[in-house]
Structures are given as structure tokens and as C-alpha cells.
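Coordinates in review
Below are the chains, spelled out letter by letter.
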Amino acid sequence: MTAAQSTASATILHPSAELAKFSSELKYSDIPESVRLRCEDLFLDTLASILAGSSARAVKSMAKYAELMGPAEGKSEDFVNRRLTSPVFAAMVNAAAAHVVEQDDVHNGSVFHPAAVVFPPALAVAQSIGASGEEFITAAVAGYEVGIRIGEFLGRSHYKIFHTTGTAGTVAAAVAVGRLLKLNPEQMLNAIGSAGTQAAGLWEFLRDAADSKQLHTAHAASAGLTAAYLAQDGFTGARRILEGVQGMAAGMSTDADPAKLTDRLGVRWALPETSFKYHASCRHTHPAADALQQAMKQHGLKASDIASVITHVHQGAIDVLGPVTDPQTVHQSKFSMGTVLALIALRNSADLAGFDQALKDGAVATFRDKVTMELDEEVDTAYPQRWIGKVTVKTTDGRTLTGRVDEPKGDPGNSLSRPEIEEKTLRLGTYQGAASEAQVKQLTQTVWGISHQAKLGRLLAA
């Protein structure tokens, strides 16, 4: 292909090319202020999740690998090993840590956790090349907008087998890094192609309490970063990796909708549609947890008053949570509807400390066995755009009570304020001694002012 042919081809705006053009040309001034501020909120929330996850065994394994394979010095911050290293290894380790405590964000419509795969590679590269705060925010927004639309495009059939954060997330990471590297539309299209061909992540790990979920985010972040750097050097990728006849949708979906890839691109901002996670568990448990909490408060119930709980859920919850009937690890227990609702009933909270103790708590196990999931037509029809929570509670004295929430805590219509985000950050950032209170407070102030930084350096004081 000649240079002229290549340029002409790039102007044909099929969906993959249109996403490449949008993300390559996005400017800070194009982004509404409300979106930029929400990006800061999500970034701080992610740093808190990274710190909270830094002591997890699976993350420590990833960090050990990075120390063994990565350079001994660099400009990119590895929050787990507390050292500076190369962008690819910092991105890998931080992305693994961001996802393990199940407190990172989620976009409902795409069933995708953007933060864990966008911020780690974007931060690592921004620190490495000395990008400004404005450039970092712009890159992160680009990653969110593209990744969310790919998740929506791939649809419910994709999520049944594939972990969207690992698949769409690989492309989102490539786009965020590509924007920092100032890739032109043609290069960005190549980066998307190379990222898409590496996209991976399967749900089978849930049955074995395996560590794969952390590998999904680590791989997505590092593979997307690699794709962007290769594209900068002229490495080519499939031009229609998303919608092509042998592309991602062809191999990973039966209900893909290409129109969703470019839905109101640059007009509808998907980033602020993202939800914060209030409970420290799989998001599929949150609607029912909030509904049970509401029912217990409304009727003055204690855990001992409850004979059984039926959670009325969407099919995605059954697909993901159904295999976990007898959790064997703390992480697996976060995918157990019964465990989450037991913590809500017994402690009125499903936080990190509660899960740390849940496996050894006989009362939790007893209540867990009282909880069942049933497919609900209303809830399933609304999903994934809306995550409705409905429970039916039968009491020991024979009453049948109900609870319902239409927007779980953390959703855009029931979101966290900045003071609430700061409180969550302090709680997560100091979890198991990850950082001191003073360090976390300083980190918070740094993030609130990140857009004004001329050059991103180390964020966490030693």
C-alpha cells in the first residue's frame, strides 16, 4: 500500500477508523469540565483501589514477576513494589492491584471496569514521557469513551463467556497510551488492531477460585500499551479488528451491534455514566445488597429475623455468580451473593474488613445458605442499562417482605460526592498499612490539582 493509498484508506470512516480518528484528535478543550472533573474523581478512586490491592497474594506474584523481568529503574511508578520502573511493568502491576479488592469503577451498559485498564497504563506512560496533567486527563477520557463503546458493541453474549474488562480493556489501554504518544489516526487504527488481536479474558476462573481476573487487567494494560508503542514505530494492525469478518465480534459475540461503536461520539460522554463501587464485591451483588439493606431498615429487621432471601436478578448475575456456591478464598467470596448479603444482614456493611473475616465466620456461612437467586423478567430486561435491585425476604415469624432499589449506591443518579470519595480513598489507601493517612491525604490533593501540572511525576510520597 502506498502512502497515498494508506492516507485515503484511513479517511474511510468505518467504525474502527472512526474511533481511531476521534481518540487521536481529541483535545482537552473538547472535553466538558464536568467530564474532566469526574475523570479526576475516578482516577483518585482507582489509586485507592491500587493501594488497597497492593498486599494481595496474587498481586504480589505479579509484582515479583515485574521485579524479576523489568528494569531496576525508570520513571513510572509501581505502587506495589514502591519503586520506579518501565511503563509496561508499572502498568501491569498497578492494573492487577486496581481490580483485586473489587472497589474499582464499572460502567453499567458495557459491563466494563474502565479504570483498572485505562489509568495504570496512561499514568505509567505519562510519567515516563513527562506528559502534562491535561494530556493525561485527555488520554484517560479517550480510553474510557472507546472502551465503553466496545463493551456495549460486544453485547451480552460476549460477557457470558468473556471478561469484558480484559477484552475491550486491551483496546481502551491502547487508545489511552496512543493519545499520550500523539499517534495520528492511521497509527491509532494500527494500535487498535494490534490491541484487539491480543484481547483476552475468560470467566472459567471463577469455578476454581483462580487468580486469573488480576491477570486479565494486567495483560490488558500491558498489551494495550505495547500495541500503542508498536504503532508509533510503524507496526501495523488489522484495520477492522472490531467489526471485521474475522474480528473480535465475529469470534466473541452473537449479538454485536456496530452502531454502538460510534454512538454520538464526541456528543454523548460515556465516562460520567460510570458508577463507583460502594460495596467491596462483584457489582452484580450490589443491587440486591442495597435492596436487602433497605428492607431491613424499613421493617426493623435483624439477621436472626430472616428465614430466607430471594434475590431477583438479571441473567448476567446468574452467569457470573452462579458458579460460586461455596467460596474458598476471600476474592471468590466477593462473587458469592450469599456471602455479600450475609455481611449486609449481619454487619450492615460489605467492606474489605468484612470479607477478610467472612470465610471463618459461621454466622456468615449460615446466612449464606438462606440466599437464592431467581431470574426476574423486569430486572433482566432493564439490564445492562439499569441494574435494578429486588429482594423478597421471608421472616421467621411468617411475613413476606420486599425491598427494591432502582439505582444502587454509586450509580450516576446516586453517586458519591467528593467528600465521600475522599473518605473511601482514605479507607482503602490505608488498608493493611498500604500507605499512611498523611500520604493518602497528600495524594488526594495532588489528584484534585492534576490538570494544572505541567509534568506528571511521582504521585505517592516515599
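1. What to know about helix H8 (residues 164–180)
Between its first and last C-alpha atoms H8 spans 24 Å; for 17 residues at 1.5 Å apiece the expected length is 24 Å, and the two agree. Along H8, the sharpest change in direction is near 35 degrees and occurs at Thr 170. Extensive coverage of H8 is indicated by the burial of 17 of its 17 residues. In the stretch just after H8, Lys 182 is the one whose phi turns positive, near 60 degrees.

2. Some thoughts on the packing of helix H5 (residues 87–100) against helix H10 (residues 212–232)
Two elements in contact, H5 and H10, have axes separated by 7 Å at closest approach and are oriented at 150 degrees. Between H5 and H10, the interaxial angle falls into the category roughly antiparallel. Helix-helix and strand crossings are classified by hand; for H5 and H10 the assignment is right-handed. Touching Pro 87, Val 88, Ala 91, Met 92, Ala 95, Ala 96, His 99 and Val 100 of H5 are Lys 213, Gln 214, Thr 217, Ala 218, Ala 221, Ser 222, Leu 225, Thr 226 and Tyr 229, all from H10. By residue class, the composition of the contact of H5 with H10 is 11 nonpolar, 5 polar and 1 charged.

3. Some thoughts on the pairing of strand E5 (residues 389–395)
Burial runs high along E5: 6 of the 7 residues are buried. Across 6 bridges, the pairing between strand E3 (residues 306–313) and E5 is antiparallel. Of the residues in E5, the one forming a bridge with Ser 308 is Lys 394. With 6 bridges joining them, E5 and strand E6 (residues 400–405) adopt antiparallel strand pairing. In the strand pairing of E6, Lys 390 is matched with Arg 404. Between E5 and E6, which follow one another and run antiparallel, lie 4 residues, and Gly 398 among them has a positive phi close to 95 degrees.

4. Re the sheet that holds E5
Strand order in the open sheet made by the 4 strands is E4-E3-E5-E6, with mixed pairing throughout. Two strands bound the open sheet, and with one partner strand each, they are strand E4 (371–375) and E6. Averaged over neighbouring strand pairs, the angle between their axes works out to 20 degrees when direction is ignored. Against the sheet, helix H12 (residues 286–299) makes contact with E3, E5 and E6, and its axis sits at roughly 125 degrees relative to E6, the strand it touches most.

5. Considering the pattern of salt bridges
Tallying each qualifying case throughout the model produces 35 salt bridges. Among the salt bridges present, the one from Glu 102 reaches Lys 277, with a minimum N-O distance of 3.0 Å. You can see Glu 102 sitting in the loop between H5 and helix H6 (115–129) and its partner Lys 277 sitting in the loop between helix H11 (248–252) and H12, a full 175 residues away along the chain. Since its relative accessible area comes to 0%, Lys 277 is described here as buried. Linking Glu 273 and Arg 268 is a salt bridge whose minimum nitrogen-to-oxygen distance equals 2.9 Å. By relative accessible area, Glu 273 is classed as partly exposed at 27%. A relative accessible area of 9% means that Arg 268 is categorised as buried. In the salt-bridge network here, residues are joined through shared partners; they are Asp 376, Glu 378, Arg 386, Lys 390, Arg 404 and Asp 406.

6. A look at unusual backbone geometry
Negative phi characterises most residues that are not glycine, and trans characterises most peptide bonds. The step from Tyr 383 to Pro 384 runs through a cis peptide bond, and the omega angle for that step is 5 degrees. Along the chain, Pro 384 falls in the loop between helix H18 (377–382) and E5. Of note in the backbone geometry, Arg 264 takes a positive phi value of approximately 50 degrees without being a glycine. As for its position among the elements, Arg 264 is in the loop between H11 and H12. Positive phi, normally seen in glycine, also occurs at Gln 432, with a value near 50 degrees. Of note, Gln 432 is situated in the loop between helix H19 (418–429) and helix H20 (437–448).

7. Considerations on a nonpolar patch on the surface
On the surface, a nonpolar cluster with roughly 350 Å² of combined accessible area is contributed by Tyr 65, Leu 68 and Met 69. Given the relative accessible area of 66%, Leu 68 is considered exposed.

8. Side note on the side chain of Asp 41
Counting through the fold element by element, Asp 41 comes out in helix H3 (residues 33–53). Those residues in contact with Asp 41, other than ones at most four positions away along the chain, are Phe 276, Arg 418, Ile 421 and Trp 448.

9. Focus on the packing of aromatic side chains
Inspection of the entire model under this criterion finds 9 aromatic pairs. A ring pair is formed by Tyr 65 and Phe 89, whose centres lie 6.3 Å apart and whose planes are at 55 degrees; its orientation type is tilted. With Tyr 65 in helix H4 (residues 57–69) and Phe 89 in helix H5, the pair connects residues that are 24 residues apart, well separated along the chain. A residue is classified by how much of its surface remains accessible, and Tyr 65, at 39% relative accessible area, is partly exposed. Phe 89 sits in the buried class, given a relative accessible area of 13%. Cluster of aromatic residues (ring-pair linked, three or more members): Phe 43, Phe 119, Phe 136 and Tyr 144. Between the NZ or CZ atom of Lys 409 and the centre of the ring of Tyr 278, over which it lies, the distance is 6.0 Å. The side chain of Arg 418 reaches across the aromatic face of Trp 448, ending 3.7 Å from its centre.

Parameters at a glance
- Residues numbered from 1 in each chain as written.
- Predicted model: local features only at pLDDT ≥ 70, side-chain atom pairs only at ≥ 80, totals over all residues.
- Heavy atoms only, no water.
- Helix = DSSP H or I, 4+ residues; strand = E, 2+ residues; numbered from the N terminus.
- Expected span 1.5 Å × (residues − 1).
- Bend = angle between axes of the 7 residues up to and from the residue.
- Buried < 20%, exposed > 50% of the residue type's maximum accessible area, 1.4 Å probe, protein only.
- Axes fitted to C-alpha atoms, helices over the stretch in contact; angles between N-to-C directions.
- Parallel < 35°, antiparallel > 145°, perpendicular 65-115°, else oblique.
- Left-handed = near helix turned anticlockwise from the far one by under 90°.
- Contact = heavy atoms within 4.5 Å.
- Nonpolar A, V, L, I, M, F, W, Y, C, P; charged D, E, K, R; others polar.
- Pairing = 2+ DSSP bridges.
- Salt bridge = Lys/Arg side-chain N within 4 Å of Asp/Glu carboxyl O.
- Patch = residues over 30% accessible without salt bridge, like charges linked within 9 Å, V, L, I, M, F, W, Y side chains within 5 Å.
- Areas by Shrake-Rupley, 256 points an atom, 1.4 Å probe, with all protein chains shown as cover.
- Phe/Tyr/Trp six-rings, centres within 6.5 Å; stacked < 30°, edge-to-face > 60°.
- Lys NZ or Arg CZ within 6 Å of the ring centre and 35° of its normal.

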